[in-house]
2 protein chains.
Amino acid sequence: MVKSYMTGMNGDEHVVTFDMQCNLLGLDGLTGEVHTSSAVALETVSLCGISISRMETLGNRSPLWLFSLLASELVRGHSTLLILSRKDAQARLAAFLLDLSGRFRVRGQSPQEFNLSMSRQDIGNHLGMTIETVCRALSCLRKSRLIDIDYRRVLIRDFDRLHALTGT
Amino acid sequence: MVKSYMTGMNGDEHVVTFDMQCNLLGLDGLTGEVHTSSAVALETVSLCGISISRMETLGNRSPLWLFSLLASELVRGHSTLLILSRKDAQARLAAFLLDLSGRFRVRGQSPQEFNLSMSRQDIGNHLGMTIETVCRALSCLRKSRLIDIDYRRVLIRDFDRLHALTGT
DNA sequence: CGAGATATTGACTAGGCTCAATTGAAGTGG
DNA sequence: CCACTTCAATTGAGCCTAGTCAATATCTCG
């Protein structure tokens, strides 16, 4: 798991995405300008660099593939936007956990039980809420029997109600 | 001015972007799947359609141009994300107005005085706040002598302080 | 085991939402 | 031209969610 973040000129950071295996990082650098975001690994990772010229070659060979990739990122961003601008703390957490769950699923790992690689701080930063609110919302979800959570270990107990909570 | 919005399955709408002359609409359709967003014109507009195959041709001719275009949208989305997740009502409005101002500027129109083509409702929806909060925040900015606003007519009186307010 | 980081929980406060009333603008038809 | 309707915008009062400040609790790692 790798987190990507942008840094404001006041030095404040905003966690934009958490990326996993097979994700492409640093697409924001394709503007030709500088990268607007940085990234740090949250655990030991191996990664593969792709030069701009290599990207160009790939683009020539199958432009639609690359377009759709970028467009997907665009759509993903819009979804995140929707959640951030309209949902309350619990709904955000629910959406966040379900997003992670789905990404574990497509990678053949358990969508039901998994470890959070990131701190509460990072989660809160990413979802636009304080670390305390993250804790409280998680506790609330636990008390409602929607999830079990013990530090960074998550077990999803009720996918349906969790999904209903997100309102999407 | 055209607004693009996504519709949740509960029928609720979220205004994702406001687009102007020379903007490309519907890039989300490049996933190859369906478009995730719809668009409505807020005033009389003329527009030019580009087919997927035409996009492919353009992509072959100058892939980097198209990449950078999509990447720019990506970065733009991330900035919006940052504002939505971290700023309060006044800062969001300030950022919104300055964004519009800048876009008028590059199009040779007055960056200082302009008309809002969209309703308070749309603004609130886009910025993730209620219509009442939009009004109150605008009134507050007016009382602070940062802007003049009369219905949809906006005059920016103090760019510096407005920019400072956004905290970016 | 101890130190420092991370997480949880509580009490209080504040910014934004809800509900409600009023004003202003833009038509519409007689 | 004016009464009437309709919708957008503004403003106020009260409430509620999430932020702030503060105190513990638990984990991690040397």
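Note that the structure is predicted; figures quoted are calculated from it, not measured.

Further remarks concern the overall build of chain A. What chain A contains, in helices and strands, is 6 helices and 6 strands. Starting at the N terminus and ending at the C terminus, chain A contains elements arranged as β-β-β-α-α-α-β-α-α-β-β-α. Taking 168 residues into account, the globule formula puts the C-alpha radius of gyration at 15 Å, and chain A, at 17 Å, falls close to it. Oriented by its inertia axes, the alpha-carbon framework of chain A measures out at about 50 × 40 × 30 Å. Expressed as a percentage of its 168 residues, the buried residues of chain A come to 42%. Taking the intrachain contacts of chain A between residues at least 6 apart in sequence as the baseline, contacts between residues at least 24 apart amount to 60%. Approximately 8600 Å² of chain A is accessible, and the part contributed by carbon and sulfur atoms is 51%. A distance of 6 Å separates the average location of the 19 positive side-chain charges in chain A from that of its 17 negative side-chain charges.

Here the focus is the sheet that holds strand β2 (residues 13–19) of chain A. Note: strands within a sheet are paired through backbone hydrogen bonds, in either parallel or antiparallel orientation. Residue and element names in this part refer to chain A. The strand order across the open sheet built from 3 strands is β2-β1-β3, with neighbouring strands paired in antiparallel fashion. Edge positions in the sheet fall to β2 and β3 (37–41), since each of these pairs with one other strand and no more. Averaged over all adjacent pairs, the angle separating strand axes in this sheet is 30°, with direction ignored. Pairing analysis gives 6 bridges linking strand β1 (residues 2–7) to β2, with the strands arranged antiparallel. Looking across to β2, one finds that Ser4 is bridged to Thr17. Along the sheet face, helix α4 (residues 120–127) touches β1 and β2 and points at about 100° away from the line of β2.

A few words now on the protein's contact with DNA strand C. In the vicinity of DNA strand C, 17 residues are found, and the nearest of them are Arg120(A), Arg136(A), Ser139(A), Ala89(B) and Thr133(B). Those atoms of DNA strand C that come within 4 Å of the protein belong to sugar or phosphate at a rate of 69%. Note that a phosphate oxygen of DNA strand C is positioned 2.4 Å from one of the side-chain N or O atoms of Thr133(B). Only α5 (131–143) of chain A together with α5 (131–143) of chain B provide two or more residues apiece to the surface near DNA strand C. Counting residues per element, the surface near DNA strand C draws most heavily on α5(A), at 4 residues. For the surface near DNA strand C, the per-class residue count stands at 5 nonpolar, 5 polar and 7 charged.

Moving on, we get to the interface of chain B and chain A. On the side of chain A, 40 residues touch chain B, which itself brings 40 residues to the contact. Summed over both partners, the interface of chain B with chain A buries about 3800 Å², with 73% contributed by carbon and sulfur atoms. It is Phe67(B), Leu74(B) and Leu81(B) in chain B that bury the most area against chain A; as a group they hold 18% of the surface buried on that side. For the pair chain B and chain A, the interface holds 0 salt bridges. Broken down by secondary-structure element, the contributors of at least two residues to the side of chain B that touches chain A are β2 (13–19), α1 (52–61) and α2 (63–86) of chain B. Considered class by class, the residues forming the side of chain B that touches chain A number 18 nonpolar, 17 polar and 5 charged.

This part covers the relation of the copies chain B and chain A. Once chain B is rotated about the relating axis by 180° and shifted along it by 0.0 Å, it coincides with chain A to within an RMSD of 0.0 Å. The two molecules are tied by a two-fold rotation axis, judged by turn and shift. In this assembly the copies share their binding face: 100% of the residues contributing to the interface of chain B also contribute to that of chain A.

A separate point is the side chain of Asp28(A). Along the chain, Asp28(A) falls in the loop between β2 and β3. Although Asp28(A) is buried, it forms no salt bridge, and the closest oppositely charged side chain is Arg76(A) at an N-O distance of 12 Å. Sequence-distant contacts of Asp28(A), that is, excluding residues within four places in its chain, are made with Val34(A), His35(A), Thr36(A), Ser37(A), Ala71(B) and Val75(B).

Close to DNA strand D lie 17 residues; Asp88(A), Ala89(A), Thr133(A), Arg120(B) and Ser139(B) are nearest. The sugar-phosphate backbone supplies 71% of the atoms of DNA strand D found within 4 Å of the protein. Within the contact set of DNA strand D, a phosphate oxygen lies 2.4 Å away from a side-chain nitrogen or oxygen of Thr133(A). At a separation of 3.1 Å, a phosphate oxygen of DNA strand D approaches a polar side-chain atom of Arg152(B). If you list the elements that add at least two residues to the surface near DNA strand D, you get α5 of chain A together with α5 of chain B. Here the surface near DNA strand D gets 4 residues from one element, more than from any other, and that element is α5(B). When grouped by side-chain class, the residues that make up the surface near DNA strand D number 5 nonpolar, 5 polar and 7 charged.

This next bit is on the packing of aromatic side chains. Under the definition given, this model contains 4 aromatic pairs over all chains. Note on Phe18(B) and Phe96(B): the rings are 6.0 Å apart at their centroids and 65° apart in plane angle, and the pair reads as edge-to-face. Linking Phe18(B) in strand β2 with Phe96(B) in helix α3 (residues 89–106), this pair joins segments that are 78 residues apart in sequence. By relative accessible area, Phe18(B) is classed as buried at 2%. Lying over the aromatic face of Tyr5(A), Lys3(A) brings its terminal NZ or CZ to 5.9 Å of the ring centre.

Each value, and the rule that gives it
Residues numbered from 1 in each chain as written. Chains lettered and ligands numbered in written order. Predicted model: local features only at pLDDT ≥ 70, side-chain atom pairs only at ≥ 80, totals over all residues. Heavy atoms only, no water. Helix = DSSP H or I, 4+ residues; strand = E, 2+ residues; numbered from the N terminus. Rg over C-alpha atoms; globule rule 2.2 N^0.38 Å. Buried < 20%, exposed > 50% of the residue type's maximum accessible area, 1.4 Å probe, protein only. Contact = heavy atoms within 4.5 Å. Areas by Shrake-Rupley, 256 points an atom, 1.4 Å probe, with all protein chains shown as cover. Lys, Arg positive; Asp, Glu negative; His and termini not counted. Charge placed at Lys NZ, Arg CZ, Asp CG, Glu CD. Pairing = 2+ DSSP bridges. Axes fitted to C-alpha atoms, helices over the stretch in contact; angles between N-to-C directions. Near = heavy atom within 4 Å. Polar contact = N/O pair within 3.5 Å; in protein donor to acceptor, adjacent residues only side chain to side chain. Nonpolar A, V, L, I, M, F, W, Y, C, P; charged D, E, K, R; others polar. Buried area = accessible area lost by both parts, 1.4 Å probe. Salt bridge = Lys/Arg side-chain N within 4 Å of Asp/Glu carboxyl O. Least-squares fit on C-alpha atoms with pLDDT ≥ 70 in both. Phe/Tyr/Trp six-rings, centres within 6.5 Å; stacked < 30°, edge-to-face > 60°. Lys NZ or Arg CZ within 6 Å of the ring centre and 35° of its normal.

Purely spatial values, then, with no claim about function.
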